[in-house]
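# Notes for the structure review
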Amino acid sequence: MKIFDKTFNCIGKSELKKIAKELSVKIKEGDIIELIGELGTGKTYFVKCICEYYKIKNVSSPSFNIFNQYNGKLNVFHFDFYRIKSKNELFNIGFYENLSDNDAVKFIEWPNLIPDAIPIVNYRIYFDYCKEHKLKRNIIIVCFK
Ligand SMILES: Nc1ncnc2c1ncn2[C@@H]1O[C@H](COP(=O)(O)OP(=O)(O)OP(=O)(O)O)[C@@H](O)[C@H]1O
Ligand SMILES: [Mg+2]
């Protein structure tokens, strides 16, 4: 069930950090968070900002290694489906064991590339370039609980 959605238009990095801070206190262990948007729209950066509030500093993009794991105030699993070809591949790399771990927050970049791969989602965040200011972004946060 959709609980809320919030839209932020043409925001820069400092505003994004404030949004990440607000969301970081709402997020609970076990939550599954999809990050949807074109290349370079700020999906990884958003995870990095949220992780700062969990005292995690070394966040990097999982584009190449598909899965990164961090331990801080909350445990974080960070996936990127950009290089994944099929749902079968997700089974083979143990994605579903990680997805069902209720002791970690799970962020997933590019979930839209493998339709129906994720059965339950708690937040879906959309990222896009702001048309008026190419260096800023539009973000929509949708919460399902
Ligand atoms: N709100 C923002 N305003 C301005 N720049 C931003 C904003 N959010 C992120 N950026 C910058 O955008 C660039 C790309 O960000 P990032 O790597 O997070 O994109 P991505 O969506 O994860 O890309 P990919 O699909 O390749 O994984 C970075 O330099 C980052 O600092
Ligand atoms: Mg990324």
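Residues numbered from 1 in each chain as written. Chains lettered and ligands numbered in written order. Predicted model: local features only at pLDDT ≥ 70, side-chain atom pairs only at ≥ 80, totals over all residues.

Time to look at the pairing of strand E3 (residues 67-71). Two faces make up the sheet, and in a regular strand the side chains alternate between them. Note that E3 and strand E4 (residues 75-80) share five bridges and pair antiparallel. Directly across from Phe-67, in E4, lies its bridge partner Phe-79. Joining the antiparallel neighbours E3 and E4 is a turn of three residues. (Pairing = 2+ DSSP bridges. Helix = DSSP H or I, 4+ residues; strand = E, 2+ residues; numbered from the N terminus.)

Before going further, it helps to examine unusual backbone geometry. Backbone geometry at Cys-10 places phi at a positive 50°, although glycine is not the residue there. Inspection of the secondary structure assignment puts Cys-10 in strand E1 (residues 2-11). Positive phi values are uncommon outside glycine, yet Ile-66 reaches one of about 70°. With respect to the secondary-structure elements, Ile-66 resides in the loop between helix H2 (43-53) and E3.

A word on the environment of Phe-91. Among the structural elements, Phe-91 can be located in helix H3 (residues 87-92). Owing to 12 C-beta atoms within 10 Å, Phe-91 belongs among the exposed residues under this scheme. (Buried ≥ 20, exposed ≤ 12 C-beta atoms within 10 Å, placed from the backbone.)

From the geometry alone we can't say anything about function, so treat these as descriptive.
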